[in-house]
Amino acid sequence: MKNSFVFSLAVILAALPLLAKNEPITPPGEGTKDSPYLISKMEHLVWMQETVENSYRKYYKLTCDLDASETKSWNNGKGFIPIGMETPSNKRFREKGKSYPPFLGHFDGGGHSISNLYIRRPEEDYAAFFGKVGADWMPPPTNDDDDEKGKFTREKAQSLKDQENVYVIKDLALLNVEFTIGLYGAGLAGKMTDCHVS
């Protein structure tokens, strides 16, 4: 009986990392140019991913190197959910026949790196650190309540197309990443539209 209990406990403990999913933590900062969101831990990146639909013209700054080794055990072994990829929190966009929200802000890596990032999504497209960056993502607004709240539309995107640095990703290094993805994936972003990368 005792051996059976010990074995069962060992199996449960061994399975816990496969079930792990880090919880989001709101970073300090206001998301403005003068007071960007300060990203200093993996939980801040989870928060970015879960709030990506609100990223339009917001500013984010990585303040240190991050080791993302823990992502190998996240989301039942699927790893990190790309920033700008369908999740339960933004699934309602799919239900309305729209694409999921992309990242629409400014991300300053501050010369820092994110290493050992793990993504295993062989059935999913646009899997990368950022799934999608840029504005070509949803049809013009209807009278739907969500659309009336100022969500970013394709028409708004076209009006910004000629403005410099609408969406920016700069001074960020991704090191030793391990990705298994479907179509249109890469280390930094699966798809970019009108994005300035430096």
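Note that the structure is a prediction, hence the values are computed from the model and not measured.

### Some details on the overall build of the protein
Along the protein, the regular secondary structure elements total five helices and ten strands. In the protein, which comprises 198 residues, the share counted as buried stands at 42%. In the protein, of all internal contacts separated by at least 6 residues, the share reaching a separation of at least 24 is 74%.

### Focus: the packing of aromatic side chains
Across all of its chains, the model carries ten aromatic pairs by this definition. Centre to centre, the rings of Trp 74 and Phe 80 are 6.4 Å apart; their planes meet at 40 degrees, and the pair counts as tilted. Measuring from centroid to centroid gives 5.8 Å for Phe 80 and Phe 129, while their planes differ by 15 degrees, and the two rings are stacked. Highlighted residues: Phe 80 in the loop between strand S3 (66-67) and helix H3 (91-95) and Phe 129 in the loop between strand S5 (118-121) and strand S6 (130-133), separated in sequence by 49 residues. In textbook terms, an aromatic cluster arises when at least three aromatic residues are bridged by ring pairs, as seen for Tyr 37, Trp 47, Tyr 60, Trp 74, Phe 80, Phe 103, Phe 107, Phe 129 and Phe 130.

### Overview of the environment of Val 133
Tracing the chain through its elements places Val 133 in strand S6. Between the C-alpha atoms of Val 133 and Val 168, which are 35 residues apart in sequence, the distance is 9.0 Å. Residues contacting Val 133, with those up to four places away along its chain left out, are Pro 102, Phe 103, Tyr 167, Ile 169, Ala 189, Lys 191, Met 192, Thr 193 and Cys 195.

### Details of helix H2 (residues 42-50)
Counting buried positions over the nine residues of H2 gives eight, a clear majority of the element. Where H2 is buried, its residues meet strand S1 (37-39), strand S2 (59-62), S3, strand S4 (106-115) and S6.

### Here's the deal with the confidence of the model for the protein
Per-residue confidence for the protein gives a mean pLDDT of 75, with 63% of residues at or over 70. Looking across the protein, the model is least confident in helix H4 (residues 145-148), with a mean pLDDT of 46, and most confident in S1, with 98. Confidence drops under a pLDDT of 50 for residues 137-143, and excluding neighbours within four residues, the segment shows 22 contacts in the predicted structure. Contacts from residues 145-150, a stretch scored under 50 in pLDDT, to residues over four places away or in other chains number ten contacts.

### Observations regarding the pattern of salt bridges
Under the criterion given, the structure shown has one salt bridge. For the salt bridge of Lys 72 with Glu 178, the shortest nitrogen-to-oxygen distance reads 3.7 Å. One end of the pair, Lys 72, is in the loop between S3 and H3; the other, Glu 178, is in strand S8 (residues 178-181), and 106 residues separate them in sequence. Exposure remark for Lys 72: the relative accessible area of 47% places this residue in the partly exposed category.

### What to know about unusual backbone geometry
For Arg 57, which is not glycine, the phi dihedral falls at a positive 60 degrees. Among the structural elements, Arg 57 can be located in the loop between H2 and S2. Accessibility expressed as a relative area gives 39% for Arg 57, which makes it partly exposed. In this structure, Asn 176 takes a positive phi of about 55 degrees despite not being glycine.

### Concerning the nonpolar core
By size, the foremost hydrophobic cluster in this structure holds 32 residues, and its most contacted members are Leu 45, Met 48 and Phe 130. Among the elements of the structure, S1, H2, S2, S4, S6 and strand S7 (167-175) are those that each provide at least two residues to this core. The element best represented in this core is H2, accounting for five residues. The contact partners of Phe 130, leaving out residues within four places of it in the chain, are Met 48, Pro 82, Ile 83, Phe 103, Phe 107, Ile 169, Leu 188, Ala 189 and Gly 190.

Criteria and cut-off values
- Residues numbered from 1 in each chain as written.
- Predicted model: local features only at pLDDT ≥ 70, side-chain atom pairs only at ≥ 80, totals over all residues.
- Heavy atoms only, no water.
- Helix = DSSP H or I, 4+ residues; strand = E, 2+ residues; numbered from the N terminus.
- Buried < 20%, exposed > 50% of the residue type's maximum accessible area, 1.4 Å probe, protein only.
- Contact = heavy atoms within 4.5 Å.
- Phe/Tyr/Trp six-rings, centres within 6.5 Å; stacked < 30°, edge-to-face > 60°.
- pLDDT = per-residue confidence, 0-100.
- Salt bridge = Lys/Arg side-chain N within 4 Å of Asp/Glu carboxyl O.
- Core = buried A, V, L, I, M, F, W, Y, C linked by side-chain atoms within 4.5 Å.

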